[in-house]
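Listed below, chain by chain, are the residues.
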Amino acid sequence: MTVESVERVAESIARFGFGAPIVARADNREIIAGHTRWLAAQQLQLERVPVRLLDISEADAHVLALADNRYTELTAWDDSLGEVLRELSVDDVHFAGWTAREYQKLTEGLDDVSAPEDFESFADFPGYSRP
């Protein structure tokens, strides 16, 4: 995890609240999934966060932590992504974590996908610089 990822998650929690709880072992409260959410909550100085406690062994907790991160990497995007992208503003596309280059790559292979209504150029994306 990076400082940027913690900041982005903090912005998301501030805007939407927690979409998913932190997952921890019941035995000792060791975080299994949600390390970035935990750091973001600390950055936001939240006094309470949602936590789901699992009654599993330390070994299984470590396997689950690895699997949780790896499965996220392996998950394919839903085919309806084009519809979602079409409805978002440039700011929301950026907020959701995509750079201009990534947005272009995502929409290139999709049929009938147009840029958000307020999209004029990739220079509209915060932090965009030409390759």
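Keep in mind that this is a model prediction, so the values were computed, not measured. (Residues numbered from 1 in each chain as written. Predicted model: local features only at pLDDT ≥ 70, side-chain atom pairs only at ≥ 80, totals over all residues. Heavy atoms only, no water.)

Observations concerning the overall build of the protein
Then comes step 1: Secondary structure assignment for the protein yields six helices and three strands.
Then comes step 2: Start at the N end of the protein and walk to the C end: the helices and strands fall as α-β-β-α-β-α-α-α-α.
Then comes step 3: Within the protein, the proportion of its 131 residues that are buried is 24%.
Then comes step 4: For the protein, restricting intrachain contacts to residue pairs at least 6 apart in sequence, the fraction spanning at least 24 positions comes to 67%.
Then comes step 5: Accessible surface for the protein amounts to roughly 9,400 Å². Of this, 50% is attributable to carbon and sulfur atoms. (Helix = DSSP H or I, 4+ residues; strand = E, 2+ residues; numbered from the N terminus. Buried < 20%, exposed > 50% of the residue type's maximum accessible area, 1.4 Å probe, protein only. Contact = heavy atoms within 4.5 Å. Areas by Shrake-Rupley, 256 points an atom, 1.4 Å probe, with all protein chains shown as cover.)

Considering the pattern of salt bridges
A pair can form between side chains of opposite charge whenever their charged atoms are brought close.
Then comes step 1: For the coordinates displayed, the defined rule picks out four salt bridges.
Then comes step 2: The residue E4 makes a salt bridge to R8 at a minimum N-O spacing of 3.1 Å. With E4 and R8 both in helix α1 (residues 3–16), this residue pair falls four residues apart, about one helical turn.
Then comes step 3: The class for R8 is partly exposed, based on a relative accessible area of 27%.
Then comes step 4: Note that R25 and D27 form a salt bridge whose closest N and O atoms lie 3.3 Å from each other.
Then comes step 5: With a relative accessible area of 7%, R25 lands in the buried category.
Then comes step 6: In this structure, a network of salt bridges that share partners links the residues R25, D27 and E30. (Salt bridge = Lys/Arg side-chain N within 4 Å of Asp/Glu carboxyl O.)

Section: the layout of surface pockets
Then comes step 1: Space inside the largest pocket adds up to approximately 690 Å³.
Then comes step 2: Forming the boundary of the largest pocket are 27 residues, of which S5, R8, V9, T36 and R37 lie nearest the centre.
Then comes step 3: Considering every element that reaches the lining of the largest pocket, the biggest residue donor is α1, with nine residues.
Then comes step 4: Broken down by class, the residue content of the lining of the largest pocket amounts to 10 nonpolar, 10 polar and seven charged. (1 Å grid on protein atoms, 1.4 Å probe; cavity = no way out; pocket = protein on both sides within 12 Å on 5 of 7 lines; lining within 4 Å. Points joined across faces, edges and corners; volume = space filled by probe spheres on them. Nonpolar A, V, L, I, M, F, W, Y, C, P; charged D, E, K, R; others polar.)

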